[in-house]
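Structural overview
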Amino acid sequence: RYLPVGSTASTDALWQIPVCVRYGSGRTTGEVCTLLTGPSGRVTIPGEACPEWIMPNASAAGYYRFSLPADDLARLLDDGWSHLTTPERLSVANNLRASFGASTIAAADLLPLLSRVAEDDERLVATEPFPLLTSIVDDFATDETRAAARAWAGSLYAARWRRLGWRPGRRETGETALFRRDLASFLVRVARDERVRSDAAERGREYLGIGGDGAIHADAVSVDLVVPVLIAAVNVPPDGAARGPGSSEVFDAMTTHLFATEDAILRQRLLTALGSIEDDAELAGRAIALGLDPRVRVNEILVPLQVQTETPEGRERALTYVESSFDGLFARVATTRAGYAPLAFSGFCDEAHRARVEAFFTPRLELLPGAPRNLRAALEAITLCAARRSAHAEGVAAFLAAR
């Protein structure tokens, strides 16, 4: 049974699993299948010579996880990658992340392979490493290595971003547009690529009408890029500006537009951007406190707070705010949503914050319908993240130090 490292669930369960393996040498490929009925089994590949590569889940049709020894895994990505179908490549990418989660692969063996996945032409394959890369930046990197982690994560997609750019092509597919959106969000929010963020911020200020007529200019950027450019605008000052991170000017422009419009989609985008403030604690606090503003709708109250919980620095701010403002905040939240509050803090990755989340929410469970289960899920997620970090901390640190 697949279990993430740190899980205490039983591994005794057995299933009968149809297993098909695809393999290849040169241009020749083959497939062989078996029914796995016990804890272990053997698949015999025909022929006298060992294949150059092995794909343990042919056509990605099997409902099972797989892992490979480091050498076999490297051969699969080096020699076999071009022979794999899109579902197979997605399966490999997903199982890389799962193997890291289960600590069945070392960081030193996994992290160098992510460049191959990131270069894939298919959006879902190329973006599959995003959650793992985000965890490396947020959970594994230290204050000393976080800049290196961000630079490395961004470098995996730099060439692709140069090809895509900000403007859609004349005959661009929907998948390409989604790819651009996903990459822009990742490079702005996680990798924090300086060039991309600067370009995005300029577009975000233009969208908001800053320095001009103060009106929304929807034609300043493609609609699917509005959120990342607004996030950049509120975090990145104009070139040559003497002020620190964050922007009171952009913050004020966003809140002005927020309270002037009835457009629910625009309001959601503005609240998401306001909640994304990274380094300016005063502005971030003002964004979170919008939940108590009567002009914010009931379904919008928690948006800035939830977005804050997506980064380590924001997560700490959000928890501190909830601890001090719980009664006022959750008096406004719909009962159908309030019970999800503990899950907002499932991104913590250490036992100290686990204890803090548990101590705060446990006495309040009866006030939050559905919260007992969600609190258990949040606490388990924190425990598993802490175990994953413990298992891989040394390997990730060595990898980042080499960069």
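See above for the structure.
Okay, so let's go over this structure. Note that this is a predicted model, so its numbers are computed, not measured.

Per the stated rule, a full pass over the model turns up 11 aromatic pairs. Judged by centre distance (5.7 Å) and plane angle (80°), the ring pair of Phe-326 and Phe-360 falls under edge-to-face. Placement of Phe-326 in helix H16 (residues 312-330) and of Phe-360 in helix H18 (residues 351-361) is noted, with a sequence separation of 34 residues between them. For Phe-360, a relative accessible area of 7% translates into the label buried. Taken together through their ring pairs, the aromatic side chains of Phe-326, Phe-330, Phe-345, Phe-348, Phe-360 and Phe-361 make up a single cluster. Directly above the ring of Phe-348 sits Arg-315, whose terminal nitrogen or CZ lies 5.7 Å from the centroid. Over the ring of Phe-360 we find Arg-364, and its NZ or CZ is 4.0 Å from the ring centre.

Quick look at H18 now. Burial in H18 covers these residues: His-353, Val-357, Phe-360 and Phe-361. Down the axis of H18, the buried set is contained in an arc of 85°. They therefore lie on one face. Exposed residues pointing more than 90 degrees away from the buried face of H18 are listed as Ala-352 and Ala-359. Contacts made by the buried residues of H18 are with H16 and helix H19 (371-401). Of the residues that open H18, the one with a side-chain oxygen 3.2 Å from the backbone nitrogen of Ala-352 is Asp-350.

With that out of the way, let us pick up the pattern of salt bridges. Following the criterion strictly, the structure yields 22 salt bridges and no others. Arg-146 is the partner of Asp-143 in a salt bridge, and the nearest nitrogen-oxygen pair spans 3.4 Å. The class of Asp-143 is exposed, set by a relative accessible area of 69%. Taking the shortest distance from any N to any O, the salt bridge between Glu-278 and Arg-192 comes out at 3.6 Å. On the criterion of sequence distance, the pair formed by Glu-278 in the loop between helix H13 (264-274) and helix H14 (281-288) and Arg-192 in the loop between helix H9 (174-189) and helix H10 (194-208) is long-range, its members being 86 residues apart.

Looking now at a negative patch on the surface. There is a patch of like negative charges on the surface, built from Glu-202, Glu-206, Asp-219 and Asp-239. With respect to the helices and strands, Glu-202 occurs in helix H10. The exposure class of Glu-202 is exposed, given its relative accessible area of 52%.

This brings us to the state of the cysteines. Tallying each qualifying case throughout the model produces two disulfides. Put simply, Cys-20 and Cys-33 are joined by a disulfide, and their sulfur atoms are 2.0 Å apart. Classification of the bridge connecting Cys-20 and Cys-33 rests on its S-S torsion, roughly 105°, and on that basis the disulfide is right-handed. Taken as a pair, Cys-20 in strand S1 (residues 17-25) and Cys-33 in strand S2 (residues 28-36) lie far apart in primary sequence, 13 residues in all. Judged by its relative accessible area of 23%, Cys-20 falls in the partly exposed class. At a sulfur-sulfur separation of 2.0 Å, the disulfide partner of Cys-349 is Cys-385. Taking the sign of the torsion about the S-S bond as the criterion, the disulfide between Cys-349 and Cys-385, at about -95°, is left-handed. Here Cys-349, found in the loop between helix H17 (335-338) and H18, pairs with Cys-385, found in helix H19; they are 36 residues apart in sequence, far enough to count as distant.

Calculation criteria
Residues numbered from 1 in each chain as written. Predicted model: local features only at pLDDT ≥ 70, side-chain atom pairs only at ≥ 80, totals over all residues. Heavy atoms only, no water. Phe/Tyr/Trp six-rings, centres within 6.5 Å; stacked < 30°, edge-to-face > 60°. Helix = DSSP H or I, 4+ residues; strand = E, 2+ residues; numbered from the N terminus. Buried < 20%, exposed > 50% of the residue type's maximum accessible area, 1.4 Å probe, protein only. Lys NZ or Arg CZ within 6 Å of the ring centre and 35° of its normal. Arc of directions from axis to C-beta. Contact = heavy atoms within 4.5 Å. Polar contact = N/O pair within 3.5 Å; in protein donor to acceptor, adjacent residues only side chain to side chain. Salt bridge = Lys/Arg side-chain N within 4 Å of Asp/Glu carboxyl O. Patch = residues over 30% accessible without salt bridge, like charges linked within 9 Å, V, L, I, M, F, W, Y side chains within 5 Å. Areas by Shrake-Rupley, 256 points an atom, 1.4 Å probe, with all protein chains shown as cover. Lys, Arg positive; Asp, Glu negative; His and termini not counted. Charge placed at Lys NZ, Arg CZ, Asp CG, Glu CD. Disulfide = S-S within 2.5 Å.

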